[in-house]
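One letter stands for each residue in the lines below.
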Amino acid sequence: MKNSIIQIKEVKKSYKDIEVLKGVDFEVEQGEIFALLGSNGSGKTTMIRIMTTLLKADAGRIVINGFDIVKNSRNIRGSISLTGQFAAIDEILTGRENLQMIAKLRHLKNPDEVANALINRFGMSEAAGRRVSTYSGGMKRRIDIAMSLVGNPKIIFLDEPTTGLDPEARLEVWKIVKDLSAAGTTVF
Amino acid sequence: METTNKYFFKDMSVMFGRSMRHVFRSMDTIITVSITPIAMMLLFVYVFGGAIETGTENYVNYLLPGIMLMAIGSGIAYVAYRLFTDKQRGIFERFHSMPIARSTVLWGHVLTSIISNGISVVVIILVALLMGFRSSAGILAWLSVFGILGVFTLALTWIAVIAGLAAKTPDGAGAFSYPIIFLPFISSAFVPTNTMPSAVRIFAENQPVTPIVEAIRNLLSNQPVGNDIWIALAWCIAIIIVAYIFAMRIYKRI
């Protein structure tokens, strides 16, 4: 129980009069693939935005990777990465430049090598030199997830990562998720 | 939120580098912010200029300050557009969920605005030199000119931040710049105000562009600047303060 990498207790959040989260509790173990299910508008994204420090909860206790979200949000940001509902990529830059940029922002020592390793791992060496605006939806998603893996964060938050993808690309995303989990990364 | 941050400058340089790449990779941006003002300058000097009585021998000298302000006015529209795109695509969210100095996400855009507008102003000055622009101004006067232009750019940039963050569509993000681009027409930028009907003239003489244009024009022609420079700076600083407060309020909400 103490090993849980994500601990959520009694988390509440309302927008004006609408209570979106009415006391959410759960725990996630390291290396686990944890899926949060719910209909549209049920607060899944809100919960993810709170855990990724983009939004503050009204009440409750959140501990991620041993850090309390109120006191240590910066350390939490160092342990996680977020892939949102829509691919958050810089379309003017090439795939490689996007990866390098994230590596630099994570303050890694060898951004070029990190970028190249991910390009090879995701089989994108042909596309890496092209601007992302020329990519297909599936390729954008791939580079988007690759960007989330820069610096090997312990926890990866994926908010509906298969939105807008064809069945083949969906399977590919789920395969990446399984591989990650097998390697000890916690996937939310 | 974060008081001290050892990564501020490092993160800032990444953000700045990224945003400058956007400027240089967009033909549209380069054409609009440099080539359009240059075309305006050619048009006014070689088509209308002969018929305009400014009381100065060299119309390029008279025109240049207004052209520079128009270039900056169109340049900041792209700042708003770039901010809008970042917000729309979720790039802000990605950056904000990373262990970086969060303020650099915004300041990278602001710095890019200052530098890229600076570059387009320099290009315009070089073209003006080819067209016969001459200045007897010394180093100090030139520095003052760039200082005023810098403060003016900063003021408009913060307005652009508001527009970019608050806009719902990409067109909306850029639309605010049209009135700004047109302000120089109703000022002393192209023609002296004394031939305008009194209502227009009152507006022209009391809007921010006129004192800025007059201050720059006098600095470049080695004339005393009088109060214009202080009125110009007061306008710009007031706009910076008000726009910054609103921009930060919107930024905290996203």
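Residues numbered from 1 in each chain as written. Chains lettered and ligands numbered in written order. Predicted model: local features only at pLDDT ≥ 70, side-chain atom pairs only at ≥ 80, totals over all residues.

(A) Structural detail: the overall build of chain B. Along chain B, the regular secondary structure elements total 11 helices and zero strands. Written out in order from the N terminus, the α and β elements of chain B read α-α-α-α-α-α-α-α-α-α-α. Here the C-alpha radius of gyration of chain B, 19 Å, is about what a compact globule of 254 residues would show, namely 18 Å. Oriented by its inertia axes, the alpha-carbon framework of chain B measures out at about 60 × 35 × 35 Å. Among the 254 residues that make up chain B, the fraction classed as buried is 44%. Put simply, of all contacts in chain B between residues at least 6 apart along the chain, 81% involve residues at least 24 apart. (Helix = DSSP H or I, 4+ residues; strand = E, 2+ residues; numbered from the N terminus. Rg over C-alpha atoms; globule rule 2.2 N^0.38 Å. Buried ≥ 20, exposed ≤ 12 C-beta atoms within 10 Å, placed from the backbone. Contact = placed C-beta atoms within 7 Å.)

(B) Region of interest: the packing of helix α3 (residues 95-105) of chain A against helix α5 (residues 137-149) of chain A. Residues and elements named next belong to chain A. Between α3 and α5, the shortest axis-to-axis distance is 9 Å and the interhelical angle comes to 20 degrees. Looking at the two axes, α3 sits roughly parallel to α5. For the element pair α3 and α5, the recorded crossing hand is right-handed. Residue-level inspection shows G95, N98, L99 and I102 of α3 in contact with α5, the latter providing I143, A146 and M147. Here the contact of α3 with α5 is composed, by residue class, of five nonpolar, two polar and no charged. (Axes fitted to C-alpha atoms, helices over the stretch in contact; angles between N-to-C directions. Parallel < 35°, antiparallel > 145°, perpendicular 65-115°, else oblique. Left-handed = near helix turned anticlockwise from the far one by under 90°. Nonpolar A, V, L, I, M, F, W, Y, C, P; charged D, E, K, R; others polar.)

(C) Structural detail: the environment of B:R201. Residues and elements named next belong to chain B. Tracing the chain through its elements places R201 in helix α9 (residues 198-206). The sequence separation of R201 and S187 amounts to 14 residues, and the corresponding C-alpha distance is 8.1 Å. Aside from chain neighbours lying at most four places away, what touches R201 is T193 and M196.

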